[in-house]
Number of protein chains: 4
Amino acid sequence: MYSFKNDYSEGAHPRILNALVESNFEQEEGYGEDRYTRKAVELLKERMGRTDVDIHLLSGGTQTNLTALGAFLRPHEAAMAASTGHILGHETGAIEATGHKIISIEAENGKLTPSHLKAVLNGHPDEHMVKPKLVYISNSTEIGSIYQKNELVQLREFCERNNLILFMDGARLGSALCSAENDLQLSDLPALVDAFYIGGTKNGALLGEALVICRDSLKEDFRYHLKQRGALLAKGRLMGIQFLELFRDNLFFDLAMHANKMADMLRFEICEANITFLTKSPSNQIFPILPNGVINELQSKYAFHIWEKVDSDYSAIRLVTSWATKEEEVAAFVEDLKKLL
Amino acid sequence: MYSFKNDYSEGAHPRILNALVESNFEQEEGYGEDRYTRKAVELLKERMGRTDVDIHLLSGGTQTNLTALGAFLRPHEAAMAASTGHILGHETGAIEATGHKIISIEAENGKLTPSHLKAVLNGHPDEHMVKPKLVYISNSTEIGSIYQKNELVQLREFCERNNLILFMDGARLGSALCSAENDLQLSDLPALVDAFYIGGTKNGALLGEALVICRDSLKEDFRYHLKQRGALLAKGRLMGIQFLELFRDNLFFDLAMHANKMADMLRFEICEANITFLTKSPSNQIFPILPNGVINELQSKYAFHIWEKVDSDYSAIRLVTSWATKEEEVAAFVEDLKKLL
Amino acid sequence: MYSFKNDYSEGAHPRILNALVESNFEQEEGYGEDRYTRKAVELLKERMGRTDVDIHLLSGGTQTNLTALGAFLRPHEAAMAASTGHILGHETGAIEATGHKIISIEAENGKLTPSHLKAVLNGHPDEHMVKPKLVYISNSTEIGSIYQKNELVQLREFCERNNLILFMDGARLGSALCSAENDLQLSDLPALVDAFYIGGTKNGALLGEALVICRDSLKEDFRYHLKQRGALLAKGRLMGIQFLELFRDNLFFDLAMHANKMADMLRFEICEANITFLTKSPSNQIFPILPNGVINELQSKYAFHIWEKVDSDYSAIRLVTSWATKEEEVAAFVEDLKKLL
Amino acid sequence: MYSFKNDYSEGAHPRILNALVESNFEQEEGYGEDRYTRKAVELLKERMGRTDVDIHLLSGGTQTNLTALGAFLRPHEAAMAASTGHILGHETGAIEATGHKIISIEAENGKLTPSHLKAVLNGHPDEHMVKPKLVYISNSTEIGSIYQKNELVQLREFCERNNLILFMDGARLGSALCSAENDLQLSDLPALVDAFYIGGTKNGALLGEALVICRDSLKEDFRYHLKQRGALLAKGRLMGIQFLELFRDNLFFDLAMHANKMADMLRFEICEANITFLTKSPSNQIFPILPNGVINELQSKYAFHIWEKVDSDYSAIRLVTSWATKEEEVAAFVEDLKKLL
């Protein structure tokens, strides 16, 4: 049984484990004040060409989302998100548990536009309703789509004009930035969003997301929020060492490129077989629509999520590739699929 | 510079890193449903001789405390803790951020007794005050003391009679259970407390606390709370593998015994030098009271916390030992100290 | 300028003011333990033929909703509501501020059915999503519709089978129960819902909602929640006296009947003029669809809300009648309207 | 049985009821946007000689405290209060339920000084602890003492230097300002504190506290917070009319002066009888220490709280006077007391 269920099925890239082993007996400060974390933060700033951002390392996506949004919003302020947004349906109400409503927006392909936001603002005129304040986007999105630079520029302009915070969930940012259709660079992001994070967990780390806070007014006292939400690991070095390894050369991007290449292979071959897709997805998640009988057969050899029933005979499945996906397994999957069609 | 600052200055015991390396390329389910976590949980149940407890692995102490207390308490219910309790002064209001007051109790040596609790209950008669509901104790405590079995039995009886929840923070449970003065066994705990945790972070793991929920009514839906608080790691295997390694033989206890042995050496030698201690502490934290001049000199070679000013000339320092503390460094410290006296 | 904007534009029914004046100098206990509140509670129980419900008096609808839902739900549990539900869009995130998500359901005419709930439950299978637990309905709804007895029976059965809490917002319960189309009695409600409230503010009181808790497991410690949310008035007598006056004879129902009669007149005449309505509403709120020009003209003499743009030429307005609405003003409005058509 | 239990045993001053009756049938906007509330706010600003403060009317003390502190504080920030502070022990954890810790300070006579605050700030150096941010004081305090102007000036200076918010709970502000020992005027307060409230409930109103926000940065969006916490009454006129009546001439102060005069009589006569007091209290609450046998006898004719056991034979009781306290009952109480001694 080979799994295309997600991009966190394996451990970590061997270089990361090696870095943990090599540094193991050095004594370091706790709670993210170790030398590795400091170096990783410096390195990330260099990579972005920005010394004026604040960077914090957290354990996972839900933790990052709840800590950031809980810190950025005042009690009456709300987030806005596409209805597919991870915070809306897949984090057990973590944002609401910090006291904030999320306004759901039906959005084509999982992506928000200024016109979506405008409609929400128009619908929230006074103090009898929450005050929409933060725009949550994901890149890549939960359904595999990615944002183009001009789309972000437009969101940015709208947010500035309307005093909104633009926040990007980058749990799969590596795959987005390495997509064939991408025209964004990591160094573009600090000018385009107010805060975002660079996902390590889904791109070769054991755990870890690097939250980058770009807007000055959001930076103050952020370490208090980390501690309060249980996000400050005693052995913060565990994340520092990993991000240092991922970014001291091109490893982070190499891993994402591999994941995308494996998805490209799957997409190309599936497309060749005249199979259609639920969404246009140029990143490491693809959603082919298959006959239910075929899905059943595939499940005997491969693990994956059945994403959505399309009609009585067909369903969309989700195939996710990662830094660890083996090319021969992709080939085997494609071959098995073709036999079944 | 050698550090006695805490018990999380180094990485993990080499066997743990080795286990991570060996399992690295196996594909596993996410979010704590992997085979390693399942095995670790089974193993812990065996070690306790109890199949009826629920066990969950979390990343750190603050996260465990806030997730558990937030899940166990209704909105109007409060926790009670010794004034030295970690949740009171060292977790940035994490419990209050889940909506609950903590009632602070001045307690000799950091330990609660039924008479403390009785006074709190008497002082909270009606709905104009919070309802005291959960008793938070730490073992070992934040000032190094440990609970004796009969002390826990008395707390237990009081809690049962008064319908209170007894919760034990076990961030340093290993050191407590391996103390020369201890008469408790791990397998005693499920009958004595309603929930407790076994700290991995401070006893040789990269991260990880094993929360054991003993009382049936507290078990329901607990994984929802984990997810909501950001405590469900995508690669839950990271904690499963570590606890499996710590408990598949005696490693967990061996590491705690080493930490205690190092503390015993320090304590004995410091005592021999006619130095007194701030608190009676039979575990891996000790608090000798030294002249300020001596402290200054020691700081040039050793890192440690200055815990408390005792008078204008003397202060108590905190020395913490761990699984990784080197015997030769203990010897060097003692020698340097003696020279300075 | 005469206002049809809402049902809380005037003060209170004169009998209520009179009762306040008459009781004014009696000394009473504070915080809802006065004799008037006790009598009002007893009286309400008699009226429902139930001695086993708990009744608490609160100041307003939002306060009642947030106090009740905050008390009834555990942290990971969510409410479900029609998208028109008051808690969803008109309470500034008050429920989310207590930590709970509200799942929005698109519902015909503002009313929930078992099939709506079933779809939500099916879509929330595990701990990565909130746990849908409480069904929030309003009677009458925010768009004037009312529940029939058999509809409530079906909801009740579904909730029991699925261990859900059924909660009825009765801010306008008087108008619902006195509607020509209603087949429910106040005394039916304790058997049909787990908790509900009887709105005083919108039916002739200065302020006050009587929350009736029917399910035993929801009753415990409820006064703690009242106090914690700031809902326990020092002079609780203020609400006790009012509910006593409203229910010591038929005043509460007489007032609602008057409001409905005024709405019936408006509805009949508007209908006669071949004007259609946005929703079918047999209670004290009606939503005629008028040409924008007509609306503009009406606004020079009458105050009301423009509810919704229907197309470029037409909008729906909301007309609300109350215990205090004057028959001659209704007649004048109708006459003015007819002139404008 | 005559009650000295509190200052909210009766209804409202007759002029207030009269004003309600007279305005009853006027149609007004809801939610505090009525003409009475607007006038009351303007009047209060005039009385304070300040047009740049924001004023909101709320229903009660706990509601005001939780709404204000919940709005003013960021999630990691804490309030500081004297251990006798109402928010600490008598509001069922209302502040903690908004997510904030209250740091308790042992304070002579219930009053905070800069040295208290300095000690707290020194003890909270970093992000492992909450950030002390808001200073909660009460005037008069919960044990009857009052602040002198120079004491407030010193607190003010300390707060400014340390970027703290100074908040005054004025549930009994009337009595404080009318005390023989007072040297403060209402118009002094906006320059001395960042926010405070003027208590109506305990000084002749049915309900109502006027929250005055003086610091600009605390004003923004405050009506959102009112709505979210359930504090925006639909018939906000109910509070507007009352505050208008209290402040359109000297009624508010006349009522407080009567309450104080009654307390002065009690204090003088009790003092004459060589009875001592638990605290020095120049306002409408006094705490004489009486033999338990005397207390028992008094309880057959008078209601009051037994405040605190002093020793095995003596206890302190609390006597509270109000705008409605009758001079002949004070005289009767004194006479009865003298007979018992």
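The structure under discussion appears in the preceding block.
Nothing here was measured: the structure is a model prediction, and the numbers come from that model.

Trainee: What exactly am I supposed to notice about the overall build of chain A here?
Mentor: When its secondary structure is counted, chain A shows 14 helices and 13 strands. Structurally, chain A occupies a C-alpha span of about 60 × 55 × 35 Å along its principal axes. Each of the 341 residues in chain A was classed as buried or not, and the buried ones make up 67%. For chain A, the accessible area works out to roughly 11,700 Å², and carbon and sulfur atoms hold 48% of it. Charged side chains in chain A number 36 positive and 47 negative. The centres of these two groups are separated by 3 Å.

Trainee: Any chance you could explain the pattern of salt bridges here in plain terms?
Mentor: Taken as a whole and judged by the stated rule, the model has 96 salt bridges over all chains. Where Arg172 of chain A meets Asp7 of chain A, a salt bridge forms, and the shortest distance between an N and an O atom there is 2.7 Å. Placement of Arg172 of chain A in the loop between strand E6 (165-169) and helix H8 (173-177) and of Asp7 of chain A in the loop between strand E1 (2-3) and helix H1 (14-23) is noted, with a sequence separation of 165 residues between them. You can call Arg172 of chain A buried: its relative accessible area is 11%. Taking the shortest distance from any N to any O, the salt bridge between Asp52 of chain B and Arg50 of chain B comes out at 2.8 Å. Of the residues examined, Asp52 of chain B reaches a relative accessible area of 37% and is grouped as partly exposed. Residue class for Arg50 of chain B comes out partly exposed when judged on its relative accessible area of 23%. Within this structure, Arg15, Glu245, Arg248 and Asp249 of chain A form a network of salt bridges that share partners.

Trainee: Teacher, can you tell me more about the interface of chain C and chain D here?
Mentor: Note on interface size: it is often stated as the accessible area lost on association of the parts. Between chain C and chain D, the residue contacts involve 48 residues of the former and 48 residues of the latter. Summed over both partners, the interface of chain C with chain D buries about 4,000 Å², with 56% contributed by carbon and sulfur atoms. Our count for the chain C to chain D interface comes out at two salt bridges. Across the chain C-chain D interface, the total number found is 24 residue pairs in polar contact (both at pLDDT 80 or more). The set of elements that each furnish at least two residues to the side of chain C that touches chain D consists of strand E1 (2-3), helix H1 (14-23), helix H3 (61-72), helix H5 (94-97), helix H10 (222-228) and helix H11 (237-247) of chain C. Take the side of chain C that touches chain D: its biggest share by element is four residues, from H1 of chain C. Within the side of chain C that touches chain D, the residues separate by chemical class into 21 nonpolar, 17 polar and 10 charged.

Trainee: Sorry, what's going on with the packing of aromatic side chains here?
Mentor: Any aromatic ring pair is given by two values, namely how distant the centres are and how the planes are angled relative to each other. Evaluation of the coordinates by the stated rule reveals 60 aromatic pairs over all chains. On the basis of an interplanar angle of 50 degrees and a centroid distance of 6.2 Å, the ring pair of Phe167 of chain D and Tyr197 of chain D is categorised as tilted. With Phe167 of chain D in strand E6 (residues 165-169) and Tyr197 of chain D in strand E7 (residues 195-199), this pair connects stretches of sequence that are 30 residues apart. Taken together, the aromatic side chains of Phe72, Tyr136, Phe167, Tyr197 and Phe222 of chain A make up a single cluster linked through ring pairs. For the cation-ring pair, Lys39 of chain A lies above Tyr36 of chain A, with the distance from its terminal atom to the ring centre recorded as 5.5 Å. The ring centre of Tyr147 of chain B lies 5.6 Å from the NZ or CZ of Lys111 of chain B, which sits over that ring.

Trainee: Would you explain the relation of the copies chain B and chain A in this entry?
Mentor: Superposing the two chain copies requires a rotation about an axis and a translation along that axis. Rotating chain B by 180 degrees about the axis while translating it 0.0 Å along that axis superimposes it on chain A, leaving an RMSD of 0.0 Å. Between the two chains, the operation in question is that of a two-fold axis. An overlap of 100% is found between the interface residues of chain B and their copies at the interface of chain A, pointing to a shared contact surface.

Trainee: Sorry, what's going on with the packing of helix H1 (residues 14-23) of chain B against helix H11 (residues 237-247) of chain B here?
Mentor: When two helices pack together, you describe them by how their axes are tilted relative to each other and by the distance separating the axes. Residue and element names in this part refer to chain B. In contact at an axis separation of 9 Å, H1 and H11 are set at 130 degrees when each is read in the N-to-C sense. It follows from the interaxial angle that H1 and H11 lie oblique. Our pair here, H1 against H11, has a crossing hand that is right-handed. Across the interface between the two elements, Arg15, Ile16, Ala19, Leu20 and Ser23 from H1 touch Arg237, Leu238, Ile241, Gln242, Glu245 and Leu246 from H11. Residues belonging to the contact of H1 with H11 are distributed by class as follows: six nonpolar, two polar and three charged.

Trainee: How should unusual backbone geometry be read in this particular structure?
Mentor: Trans is the prevailing form of peptide bonds, just as negative phi is the prevailing case for residues other than glycine. Residue and element names in this part refer to chain B. Here the bond from Asn139 into Ser140 is cis, since omega is -5 degrees, no more than 30 degrees from zero. Even without being glycine, Asn163 reaches a positive phi, approximately 55 degrees. Following the sequence through the fold, Asn163 ends up in the loop between helix H7 (149-161) and strand E6 (165-169).

Trainee: Sorry, what's going on with the relation of the copies chain C and chain D here?
Mentor: Placing chain C over chain D gives an RMSD of 0.0 Å and needs a rotation angle of 180 degrees, together with 0.0 Å of translation along the axis. Most of the interface of chain C is mirrored in chain D: 100% of its interface residues are interface residues there too.

Trainee: What's the story with helix H6 (residues 114-122) of chain B in this structure? I'm lost.
Mentor: Residue pairs three or four apart in sequence face the same way in an α-helix, which turns once every 3.6 residues. All names here are of chain B. By the burial criterion, the buried members of H6 are His116, Leu117 and Val120. Relative to the axis of H6, the buried residues are bounded by an arc of 95 degrees and lie together on one face. Facing away from the buried surface of H6 by more than 90 degrees, the exposed residues are Ser115, Ala119 and Asn122. The secondary structure elements touched by the buried residues of H6 are strand E3 (77-82), strand E4 (102-105), strand E5 (131-138) and H7.

Parameters and conventions
- Note that residues are indexed from 1 along each chain, following the sequence as it is written.
- Note on labels: chains are lettered from A, ligands numbered from 1, in written order.
- Reporting in this predicted model follows two pLDDT cut-offs: at least 70 for local features of residues, and 80 or more for side-chain atom pairs to be given and counted; totals over whole chains, interfaces and linings ignore these cut-offs and use all residues.
- In computing side-chain values, all of the structure's heavy atoms are included and hydrogens and water are not.
- Secondary structure is summarised from DSSP: a helix means a run of H or I of at least four residues, a strand means a run of E of at least two, and numbering begins at the N terminus for each.
- Partly exposed describes any residue whose relative accessible area lies between the buried limit of under 20% and the exposed limit of over 50%, with all areas from a 1.4 Å probe on protein chains only and scaled to the type maximum.
- Only the protein chains shown count as cover for residues, and all accessible areas are computed by the Shrake-Rupley method using a 1.4 Å probe.
- Under the convention used here, Asp and Glu are negative, Lys and Arg are positive, and both His and the chain ends fall outside the count.
- The location of each charge is read from NZ of Lys, CZ of Arg, CG of Asp or CD of Glu.
- Salt bridge, as applied in this entry: a Lys or Arg side-chain nitrogen positioned within 4 Å of an Asp or Glu carboxyl oxygen.
- The contact criterion used is simple: two residues touch if any of their non-hydrogen atoms lie within 4.5 Å.
- Here the quantity called buried area is the total loss of accessible area, with a 1.4 Å probe, experienced by two parts when brought into contact, counted for both.
- Throughout this description, a polar contact denotes any pair of N or O atoms lying within 3.5 Å of each other; where both atoms belong to protein, one of them has to be capable of donating a hydrogen while the other can accept it, and for residues adjacent in sequence the pair is counted only when both atoms sit in side chains.
- Note that Gly is not counted as nonpolar here; it falls among the polar residues with everything else outside the nonpolar set of Ala, Val, Leu, Ile, Met, Phe, Trp, Tyr, Cys and Pro and the charged set of Asp, Glu, Lys and Arg.
- Pairing of aromatic side chains here covers Phe, Tyr and the six-membered ring of Trp, requires ring centres within 6.5 Å, and sorts the geometry by plane angle: under 30 degrees stacked, over 60 edge-to-face, intermediate tilted.
- Only when the NZ atom of a Lys or the CZ atom of an Arg is both within 6 Å of the ring centre and within 35 degrees of the ring normal do we say a charge sits over the ring.
- What sets the superposition is a least-squares fit of C-alpha atoms, and only residues with pLDDT of at least 70 in both copies go into it.
- The axes used here are C-alpha line fits, helices contributing only the stretch in contact, and every angle between their N-to-C directions lies in the interval 0 to 180 degrees.
- Relative orientations are named as follows: roughly parallel for angles under 35 degrees, roughly antiparallel for angles over 145 degrees, roughly perpendicular for angles from 65 to 115 degrees, and oblique for any other angle.
- Handedness of a crossing is defined here by the sense of rotation of the near helix relative to the far one, left-handed for an anticlockwise turn of less than a right angle and right-handed for a clockwise turn.
- Each C-beta atom gives one direction from the helix axis, and the arc is the one those directions make.

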